[in-house]
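One-letter residues, chain by chain:
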Amino acid sequence: MKYTAARTYRAVHWATTRVQEGLQEAKRRPDRGDISTTTVIIWVAAVTGAVLIAGTIAVVIAKYNGRLNGL
């Protein structure tokens, strides 16, 4: 239990620190430019595709697991 709590604390601390650094950078350089909508759409499509492919592979392996043991 202690391991999970420590790990969670580190993750939250890292995320909080990253957000604070990002806000400081935005204050320092307000003209740094924001990510474009096209880039967001491309990333979402890529991640969705990767998740669908991984899910399909997992389903196929689970379905044919008994038959693949002898290979």
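Bear in mind that the values here come from a model prediction, so they are computed numbers and not experimental data.

Cut-offs applied
Residues numbered from 1 in each chain as written. Predicted model: local features only at pLDDT ≥ 70, side-chain atom pairs only at ≥ 80, totals over all residues. Heavy atoms only, no water. Helix = DSSP H or I, 4+ residues; strand = E, 2+ residues; numbered from the N terminus. Areas by Shrake-Rupley, 256 points an atom, 1.4 Å probe, with all protein chains shown as cover. pLDDT = per-residue confidence, 0-100. Salt bridge = Lys/Arg side-chain N within 4 Å of Asp/Glu carboxyl O. Patch = residues over 30% accessible without salt bridge, like charges linked within 9 Å, V, L, I, M, F, W, Y side chains within 5 Å. Buried < 20%, exposed > 50% of the residue type's maximum accessible area, 1.4 Å probe, protein only.

1. A look at the overall build of the protein
Okay, step 1: For the protein, the helix and strand inventory stands at three helices and zero strands.
Okay, step 2: Listing each helix as α and each strand as β along the protein from the N terminus yields α-α-α.
Okay, step 3: For the protein, the exposed surface amounts to about 6,800 Å²; the carbon and sulfur share of it is 66%.

2. Some details on the confidence of the model for the protein
Okay, step 1: Averaged over every residue, the pLDDT of the protein is 84; residues scoring 70 or more account for 87%.
Okay, step 2: By mean pLDDT, the top-scoring element of the protein is helix H2 (residues 37-63) (92), and the lowest-scoring one is helix H3 (residues 65-68) (71).

3. Some details on the pattern of salt bridges
Okay, step 1: Within the structure shown, the criterion is met by one salt bridge.
Okay, step 2: With its nearest N and O atoms 3.0 Å apart, the salt bridge here joins Arg 28 to Glu 25. Here Glu 25 and Arg 28 lie together in helix H1 (residues 2-28), a separation of three residues that amounts to about one turn.

4. A few points about a nonpolar patch on the surface
Okay, step 1: Side chains of Ile 35, Val 40 and Val 44 sit close together on the surface and give an oily, nonpolar patch of about 270 Å² of accessible area.
Okay, step 2: Inspection of the secondary structure puts Ile 35 in the loop between H1 and H2.
Okay, step 3: Overall, Ile 35 belongs to the exposed group, its relative accessible area being 61%.

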